[in-house]
Amino acid sequence: MIRQPIIVVMGHIDHGKTKLLDRIRGTTIAEREAGAITQHIGATELPENKIQAISGNLLKQFGFQLEIPGLLFIDTPGHDAFTNLRRRGGSIADLSILVVDCMQGIQPQTLEAIQILKTFKVPFVVAFNKIDKLQNWQSKTGSFLENEKIQTTHAQELLDKKIYELVGRLFELGFEAERFDRIQDFRKQIAIVPLSAVVGEGIPELLMMLSGLSQKFLKNKLEIGEQEKCKGTVLEVKEDKGLGTTLDVILYEGSLRVGDIIAVGTKQGVTETKIRTLLKPKPLSEIRDEKNVFKSVESVSAACGVKISAPNLENVLAGSPVLDASVESRQQILDEIKSIKISTEDIGLVIKADTLGSLEALIGLMKNNQIPVRSADVGMVTKKDVMEALASKEKDVYHGCIVAFNVEIDKTAEDEAKKREIQLFSGKVVYTIIDEYSNWVKTQKDQMKKNKSTFLISPAKIEVLRGFVFRRSDPAVVGVKVLIGKIKSKTTLINENTMVRLQGLQEEKKAVESAEKGKELAASLENAVIGRNLFEGDILYTYIPESQFEEIPKYLELNSEELALLEEIKNVQIKHKENGG
């Protein structure tokens, strides 16, 4: 038995995710046939006969024999829905539609979506949306391939230009991609389907690609046994009037019946509860006329979306597995929650998120950005989180921070964070929070660099030039050449035998504050007596306090020659000390 593939729509804000879902639903609703569309909780089922009606000719043309019973689209587009469609080691989403605006290309949230899809190992098809906005493109409802034939050469070339800009960008991100009808090997290349969600152009091609790829490459994953135990995931925990706390669940294996006892993850661990009611939406025609939009059913089978009413659901975690109740199931859920949460003594950020799925995705994105994590959990930010961040801050100021995704911040925690000067980054868009944190780190490092560079001594090496002694002492005035680095006035100079003070510099009889490599100029040296403690041809180095040797490479921009000079200066200063200096 083969179930429907579960499909989620992702992409940047305003690129047309919701419009595309509306168009996919509307394509069948517009036909005004009973049963044209089946509405699930949190999902929309497009049955096999409707796919045939919309994309049948294309399926034949591309050699796909339709075997799947339909397509199940998750209704809520975007990252949040996707991250809750999770199961251990991956996602219950079989395929994703990555929506890209053809006028804007890949944007920050598109990049984040790609990173999440990579983390959860979910294949995707690109819906190259808004082709109706292209100059001179005459968009109309129906097949893109048919409509392309009537476009001007200029319009076709402009579309190709946009497609291959996207192909190039995806290649930079590690993906081979091509327009869907030009692909040589679907195993290696990502299909790009040009379309207009607003007009309805290209929808037949998109449905054809989703159906064909699902059954060609995901057939084993879609096969389910009729007697299999239930496996699902909590998409959302809701308060419903008259029902109390309910769970919106996507069931991807097995079946559920009223009276079944299920196990589900909570903030405290695992709870077992008996299903009181299973609810599915009434057909769309009935929803318009009645206040009660749900109908009670005795049982449901995968793949589907269903609302579960049962006792003790208040603390259930969105993104948690839903399994049949057993000792093994309890342990499996506990292990899964434990595998996602992080609690260490390491240096890193403290992360709080609203659901298991978003927590897992956030940790994955942190790893992709090489940002270490000390602690990660579900729920509001508490004083304990502030103390965890403080422990990190004491070892590394840049990682003593809290990242809060879509959660509340306890007032006590907020006050404690201000008192302890713990940075708190919160919001409802993951990439924005990460950007804010990264920008803060950059600003802090730039400021630290600026502060440190004002008192750190830059390594430099000079030579006392022969034949250019203008005064022998009080102070000595000699010609010098800067061999490496940059020399500054009011700097102490040293070699193995002597230590002098560079009082001032003159170039062509004008006082200067500094001189770079290659410059020859006059130097005024205190505590120097030429012929006694300093000689023509001597080499002098900037004196560097021992405490600065580690900090200089961090905060001063040095070339390889100057970095090597640091080590040379360290050895000279050791010998100077040994010689009684």
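Procedures and definitions
Residues numbered from 1 in each chain as written. Predicted model: local features only at pLDDT ≥ 70, side-chain atom pairs only at ≥ 80, totals over all residues. Heavy atoms only, no water. Pairing = 2+ DSSP bridges. Helix = DSSP H or I, 4+ residues; strand = E, 2+ residues; numbered from the N terminus. Buried < 20%, exposed > 50% of the residue type's maximum accessible area, 1.4 Å probe, protein only. pLDDT = per-residue confidence, 0-100. Contact = heavy atoms within 4.5 Å. Axes fitted to C-alpha atoms, helices over the stretch in contact; angles between N-to-C directions. Salt bridge = Lys/Arg side-chain N within 4 Å of Asp/Glu carboxyl O. Core = buried A, V, L, I, M, F, W, Y, C linked by side-chain atoms within 4.5 Å. Parallel < 35°, antiparallel > 145°, perpendicular 65-115°, else oblique. Left-handed = near helix turned anticlockwise from the far one by under 90°. Polar contact = N/O pair within 3.5 Å; in protein donor to acceptor, adjacent residues only side chain to side chain. Phe/Tyr/Trp six-rings, centres within 6.5 Å; stacked < 30°, edge-to-face > 60°. Lys NZ or Arg CZ within 6 Å of the ring centre and 35° of its normal.

Side note on the sheet that holds strand 22 (residues 349-353)
Next, step 1: Judged by pairing direction, the sheet is mixed, and its five strands sit side by side in the order 21-23-22-24-25 without closing on themselves. In this open sheet, the two strands that pair with only one neighbour each are strand 21 (342-343) and strand 25 (423-427).
Next, step 2: Sheet topology note: the strand 22/strand 24 (residues 401-405) ladder contains four bridges and is parallel. The residue of strand 24 that forms the bridge with Lys352 is Ala404.

Some details on the pairing of strand 3 (residues 43-47)
Next, step 1: Of all five residues that make up strand 3, five are buried, and the element is covered over most of its length.
Next, step 2: Along strand 3, one buried face is formed by Ala43, Glu45 and Pro47 and the opposite face, lined by Thr44 and Leu46, is buried too.
Next, step 3: Bridge count between strand 3 and strand 4 (residues 70-74): five bridges; the pairing is antiparallel. Bridged to Leu46 within strand 4 is Leu71.

Quick word on the confidence of the model for the chain
Next, step 1: Taken residue by residue, the chain gives an average pLDDT of 89. The fraction at 70 or more is 93%.
Next, step 2: For residues 28-36, every residue scores under 50 in pLDDT, and the model assigns this stretch 14 contacts once sequence neighbours within four places are set aside.

Quick word on the sheet that holds strand 11 (residues 231-240)
Next, step 1: Spatial ordering of the open sheet is given by 15-14-20-11-12-19-16-17, a layout of eight strands whose pairing is antiparallel. The open sheet has two free edges, formed respectively by strand 15 (270-274) and strand 17 (294-297), since each of these has just one partner strand. Averaged over all pairs of adjacent strands, the angle between strand axes in this sheet comes to 40 degrees, irrespective of strand direction.
Next, step 2: Of the strand pairs in this sheet, strand 12 (residues 244-253) and strand 19 (residues 304-309) are connected by six bridges, and their pairing is antiparallel. Following the sheet pairing, Leu251 is matched in strand 19 by Cys304.
Next, step 3: Of the strands in this sheet, strand 14 (261-265), strand 15 and strand 20 (321-324) touch helix 10 (residues 327-340), which is tilted by about 165 degrees from strand 20.

Overview of the pattern of salt bridges
When the charged atoms of two side chains with opposite charge come close together, those side chains can pair.
Next, step 1: Enumeration according to the criterion identifies 27 salt bridges in this entry.
Next, step 2: A salt bridge links Glu67 to Lys219; the shortest N-O distance between them is 2.9 Å. Placement of the pair is Glu67 in the loop between helix 2 (48-61) and strand 4 and Lys219 in helix 8 (residues 219-222), with a sequence separation of 152 residues.
Next, step 3: The shortest N-O distance in the salt bridge between Lys221 and Asp94 comes to 3.3 Å. One end of the pair, Lys221, is in helix 8; the other, Asp94, is in the loop between strand 6 (90-91) and strand 7 (95-101), with 127 residues separating them in the sequence.

Considering the environment of Leu235
Next, step 1: Checked against the element boundaries, Leu235 lands in strand 11.
Next, step 2: For the pair Leu235 and Gly254, spaced 19 residues apart in the sequence, the C-alpha separation amounts to 17 Å.

Some points on the nonpolar core
Next, step 1: Leu20, Phe73, Ile97 and Ile308 are the most contacted members of the largest nonpolar core, which totals 130 residues.
Next, step 2: Val480, Val500, Leu502 and Ala523 belong to the second-largest nonpolar core, a separate cluster that totals 20 residues.

Digging into unusual backbone geometry
Next, step 1: Geometrically, the link from Ala302 to Ala303 is a cis peptide bond, its omega value of -5 degrees lying close to zero.
Next, step 2: Relative to the helices and strands, Ala303 is located in the loop between strand 18 (299-301) and strand 19.
Next, step 3: Even without a glycine there, the phi angle at Lys490 is positive, about 60 degrees.
Next, step 4: On the accessibility criterion, Lys490 (47% relative accessible area) is partly exposed.
Next, step 5: Even without being a glycine, Lys509 presents a positive backbone phi close to 65 degrees.
Next, step 6: For Lys509, the location among the structural elements is in the loop between strand 29 (499-507) and strand 30 (510-512).

Some thoughts on the packing of helix 12 (residues 383-393) against helix 13 (residues 411-420)
Next, step 1: The geometry of helix 12 relative to helix 13 is characterised by a closest axis approach of 8 Å and an angle of 20 degrees between their N-to-C directions. As summarised for this structure, helix 12 and helix 13 are arranged roughly parallel, according to the angle between their axes. Handedness of the crossing formed by helix 12 with helix 13: right-handed. Where helix 12 approaches helix 13, its residues Lys383, Val386, Met387, Leu390 and Lys393 are matched on the opposing element by Thr412, Ala413, Glu416, Ala417 and Arg420.

What to know about the side chain of Ser358
Next, step 1: With respect to the element layout, Ser358 can be found in helix 11 (residues 356-368).
Next, step 2: In terms of polar contacts, Ser358 uses its side chain to reach the side chain of Thr355, at 2.9 Å.

What to know about the packing of aromatic side chains
Next, step 1: This structure, assessed with the given rule, holds eight aromatic pairs.
Next, step 2: Considering the side-chain rings of Phe425 and Tyr437, the 5.7 Å spacing of their centres and the 85 degrees angle between planes classify their relative orientation as edge-to-face. With a gap of 12 residues between them, Phe425 in strand 25 and Tyr437 in helix 14 (residues 430-453) connect regions that are remote in the sequence.
Next, step 3: By relative accessible area, which is 7% here, Phe425 ends up buried.
Next, step 4: Classification of Tyr437 as buried rests on a relative accessible area of 5%.
Next, step 5: Ring pairs connect the aromatic residues Phe62, Trp137, Phe144 and Phe180, which therefore count as one cluster.
Next, step 6: A cation over a ring is seen here: Lys445 above Tyr398, with NZ or CZ 5.1 Å from the ring centre.
Next, step 7: Lying over the aromatic face of Phe549, Lys570 brings its terminal NZ or CZ to 5.3 Å of the ring centre.

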